[in-house]
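# Overview (structure and organization)
Given next are the chains, with one letter for each unit.
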Amino acid sequence: MQTFSIRDLRDRSGELTHEAEEGRMSLVTKHGQPLFVTLPFSEELMQHGVRKALAMSLLRSGDISIGKAAEISGVAYVDFLPCIKALGIYVVDGDATELADELKLLGG
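Remember, it's a predicted structure, so these values are computed and weren't measured experimentally. (Residues numbered from 1 in each chain as written. Predicted model: local features only at pLDDT ≥ 70, side-chain atom pairs only at ≥ 80, totals over all residues. Heavy atoms only, no water.)

This next bit is on the pattern of salt bridges. Under the definition given, this model contains four salt bridges. Here D8 ties to R12 by a salt bridge, and the two come within 3.0 Å at their closest N and O atoms. The class for D8 is buried, based on a relative accessible area of 19%. Judged by relative accessible area, R12 falls into the partly exposed class, the value being 23%. One salt bridge in this structure joins E15 and R12, with 2.8 Å as the shortest N-O distance. Since its relative accessible area comes to 32%, E15 is described here as partly exposed. (Salt bridge = Lys/Arg side-chain N within 4 Å of Asp/Glu carboxyl O. Buried < 20%, exposed > 50% of the residue type's maximum accessible area, 1.4 Å probe, protein only.)

Here you go:
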């Protein structure tokens, strides 16, 4: 996620626009403090609303956990799982060997 200051908006508006066109959020700050986030207008935004689109974007970029994304989106963790499946994000992140080893440890 790119960060822009209020002053940057005048001089780097083209760069901010490019970030949005590429589907990336940006953070705008004032005196070093977060002021607002830009969220690209997308089908995801239209389909899921601002809260879920923001949560899914932050999750996709690796900035937050699945639990935090569910919290931001305003839904229960289990209800958020179909959203992340649509993004191709998996709750268990590892290969088959790692999963088999974990299951052995759990007695499965």
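Our next topic: the sheet that holds strand β3 (residues 33-38). Here three strands make up an open sheet; going across it, the order is β1-β2-β3 and the pairing mixed. Here the strands that pair on one side only, and so sit at the sheet edges, are β1 (2-5) and β3. Across the sheet, the mean angle separating the axes of adjacent strands is 30° when strand polarity is ignored. Here five bridges tie strand β2 (residues 26-30) to β3, and the two strands are oriented antiparallel to one another. Its bridge partner lying in β3, S26 is registered against T38. Lying over the sheet, helix α2 (residues 13-21) contacts β1, β2 and β3, oriented at roughly 150° with respect to β1. (Pairing = 2+ DSSP bridges. Helix = DSSP H or I, 4+ residues; strand = E, 2+ residues; numbered from the N terminus. Axes fitted to C-alpha atoms, helices over the stretch in contact; angles between N-to-C directions. Contact = heavy atoms within 4.5 Å.)

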